[in-house]
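Architecture at a glance
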Amino acid sequence: MIFVTGGAGFIGSNFVLDWLAQSQEPVLNYDKLTYAGNLKNLAALDGDARHLFVRGDICDKDKVLALLRQHRPRAIVHFAAESHVDRSILGPGAFIETNVNGTFSLLEAARAYWGELDAEAKAAFRFLHVSTDEVYGTLGPEDPPFSETTAYAPNSPYSASKAASDHLVRAYHHTYGLPVLTTNCSNNYGPYHFPEKLIPLIISNALAGKPLPIYGDGQQVRDWLYVSDHCAAIRRVLDAGRPGETYNVGGWNEMANLDVVHILCDMLDRARPKAAGSYRDQITFVQDRPGHDRRYAIDARKLERELGWKPAETFESGIAKTVDWYLTHQAWVDDVRSGAYLTWMEQNYAHREGNA
Ligand code: NAD
Ligand code: DAU
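Note that the coordinates shown come from a computational prediction; the quantities given were computed from them, not determined experimentally. Note that residues are indexed from 1 along each chain, following the sequence as it is written. Going through the entries in the order they are written, you letter the chains from A and number the ligands from 1. Where totals are concerned, whole chains, interfaces and linings use all residues; where local detail is concerned, this predicted model gives features only for residues with pLDDT of at least 70, and gives and counts side-chain atom pairs only at 80 or more. Water and hydrogen atoms play no part in the side-chain values, which are based on all heavy atoms of the structure.

Below, the discussion takes up the site of ligand 2. Think of it this way: one heavy atom of a residue within 4 Å of a molecule or strand is enough to make that residue near it. Around ligand 2, 23 residues are found, and the nearest of them are Thr-132, Asp-133, Tyr-158, Arg-289 and His-292. At 3.3 Å, a side-chain N or O of Lys-197 approaches an oxygen atom of ligand 2. Within 3.5 Å is the distance limit for a polar contact, defined as a pair of N or O atoms, with the added protein rule that one can donate a hydrogen and the other accept it, and that residues adjacent in sequence qualify only through two side-chain atoms. In this structure, a nitrogen atom belonging to ligand 2 sits 2.9 Å away from a main-chain N or O atom of Pro-213. Accessibility throughout is a Shrake-Rupley quantity obtained with a 1.4 Å probe, and a residue counts as covered only by protein chains that appear here. Burial of ligand 2 by the protein amounts to 94% of the accessible area it has alone, namely 690 Å². Secondary structure elements with two or more residues in the shell around ligand 2: helix H7 (198–207) and strand S8 (212–215). Where helices and strands are cited, they refer to DSSP runs of H or I of at least four residues and of E of at least two residues respectively, numbered from the N terminus. Here the element with the most residues in the shell around ligand 2 is S8; it accounts for three residues. Ten residue types, Ala, Val, Leu, Ile, Met, Phe, Trp, Tyr, Cys and Pro, are classed as nonpolar, four, Asp, Glu, Lys and Arg, as charged, and the remainder, Gly among them, as polar. When its residues are assigned to classes, the shell around ligand 2 shows nine nonpolar, eight polar and six charged.

Now the structure itself:
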């Protein structure tokens with residue numbers, strides 16, 4: 001089996017669903033269920049014996065180690081993190097705790113477990129660390145995209161905490177020989193994306209008749225990748241990546257935020273026309289994010305050259321699927337926004353705490 005951390009979040013739940021759609025290999029899904037973790041994302045796996053969910057914190061090294069010894073996974077795929085830049089500006093502590101200390105604890109548990117494996121299992125074991133392009137900092141309009149050799153220059157508490165975790169992962173390979181892989185990916189979008197992030201926030205605010213907040217001038221550029229392409233890249237790196245290497249993952253799809261918002265408004269105008277006017281009328285320019293990175297862009301040629309991965313979706317196809325998903329899953333959005341899913345999870349899991 002594989003041991004996945006953070007598999008109830010946006011990318012993690014897409015990864016678990018994709019994995020079990022293509023493989024019989026079971027998944028132990030280890031997640032703390034913070035505000036960002038939502039087991040409703042995994043409702044399609046109810047009753048599926050290949051999916052074992054355990055609620056827990058990656059900072060709890062003893063619990064993680066006991067689970068590793070009990071279930072003997074061949075790999076750890078590490079998604080668990082605090083992931084929202086704006087939250088890291090308002091409260092950086094949780095980011096240091098989970099992203100830095102939590103990754104350290106997880107590495108310690110992995111190192112202890114890995115050290116106990118026989119030679120064959122030891123050679124086959126992998127620790128795949130899911131990271132971000134934000135560790136590279138920000139680009140000017142004419143700069144080449146980030147490659148795997150771009151110097152780290154994180155600018156927010158979130159990206160600094162991810163950079164620290166990347167360095168720890170690297171050090172565990174160089175010092176202890178732990179067979180690690182790191183992926184640095186650009187902005188994902190798609191189903192189950194928590195509506196505090198730009199694309200799902202705009203869709204849900206538009207439909208609710210609320211303002212569509214644009215930070216600063218809206219000309220910040222992000223590279224967008226449909227989430228199932230990121231999941232496929234992770235599977236490919238897990239299969240064939242070289243231990244100790246890092247792989248950049250991106251969509252070759254740079255867009256200014258305001259352009260993304262215009263596209264979303266125009267799509268919603270067609271799919272759910274307003275009684276009068278356009279969703280664009282709801283656009284509101286608001287104060288910029290402090291330290292806001294101006295541009296990210298990813299050079300994903302190493303992953304294509306060495307492992308043959310390329311994104312399957314264009315932005316046009318991916319955003320069409322995404323808007324369609326949100327329009328047909330309004331109840332999921334309502335639950336998340338009302339906090340109802342948190343209440344449900346407390347009720348459902350309070351009495352199951354610690355059960356594997
Ligand atoms: P998310 O915030 O949607 O989900 C994070 C998950 O981790 C949640 O289920 C949460 O409950 C869990 N978690 C948080 N703290 C935990 C802890 N201490 N112990 C156990 N579980 C914990 O995040 P996401 O957007 O799915 O991102 C997943 C990973 O991918 C993160 O490491 C992030 O840095 C990275 N990443 C995200 C993007 C993106 O665009 N979203 C892009 C590149 C890389
Ligand atoms: O680049 C990868 C990163 O992408 C991941 O590592 C992060 O986990 C993920 O959250 C994402 O970070 P961003 O800060 O780029 O994503 P976010 O959706 O928060 O914002 C996208 C852009 O939109 C960014 O330039 C800020 C802007 N924005 C965001 C919000 C929430 C707005 O203009 N208005 C908003 O209300």
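There is more to say, and it comes next.
Each residue is placed in one exposure class: buried if its accessible area under a 1.4 Å probe, protein chains only, is under 20% of its type's maximum, exposed if it is over 50%, and partly exposed if it falls in between. Covered by surrounding structure in strand S1 (residues 2–5) are Ile-2 and Val-4 together with Phe-3 and Thr-5, the residues of both alternating faces. Here S1 pairs with strand S2 (residues 27–31) via four bridges, running parallel. Paired with Ile-2 across the strands is Val-27, a residue of S2. Orienting the strands away from the viewer, one traces the path from the first strand over the helix to the second; a clockwise path indicates a right-handed crossover. Handedness of the crossover joining S1 and S2 through helix H1 (residues 10–22) is recorded here as right-handed. Taken together, the four bridges between S1 and strand S4 (residues 75–78) define a ladder with parallel strand orientation. Counterpart to Ile-2 in the pairing with S4 is Ala-75. Think of it this way: DSSP has to see at least two bridges between two strands before they count as a pair.

Lys-63, Val-64, Leu-65, Leu-67 and Leu-68 are the residues of helix H2 (residues 61–71) that are buried. Note on definitions: a residue-residue contact is assigned when non-hydrogen atoms from the two residues lie within 4.5 Å. The secondary structure elements touched by the buried residues of H2 are S1, S2, strand S3 (51–55), S4 and helix H4 (93–115). Just past H2, the residue Arg-72 takes up positive phi, approximately 50°.

Our focus in this paragraph is unusual backbone geometry. Here Leu-33, not a glycine, exhibits a phi torsion of approximately 60°, which is positive. As for its position among the elements, Leu-33 is in the loop between S2 and S3. Leu-33 gets classed as buried once you look at its relative accessible area, which sits at 6%. Residue Arg-72 is not a glycine yet carries a positive backbone phi of 50°. Mapped onto the fold, Arg-72 is located in the loop between H2 and S4.

Locating Leu-238 in the fold gives a position in helix H8 (residues 227–240). Note on Leu-238: relative accessible area 5%, which makes it buried. Sequence separation between Leu-238 and Phe-127 is 111 residues; the distance between their C-alpha atoms is 8.6 Å. Apart from the residues lying within four places of it in its own chain, the contact partners of Leu-238 are Trp-19, Ala-75, Val-77, Arg-126, Leu-128 and Leu-181.

Another point: the pattern of salt bridges. By definition, a salt bridge exists where a carboxyl oxygen of Asp or Glu is found within 4 Å of a side-chain nitrogen of Lys or Arg. Summed over all chains, the structure comprises 17 salt bridges. With its nearest N and O atoms 2.6 Å apart, the salt bridge here joins Arg-74 to Glu-25. Taken together, the positions of Arg-74 in the loop between H2 and S4 and Glu-25 in the loop between H1 and S2 put the pair 49 residues apart, joining distant regions of the chain. Among the salt bridges present, the one from Glu-313 reaches Lys-321, with a minimum N-O distance of 2.5 Å.

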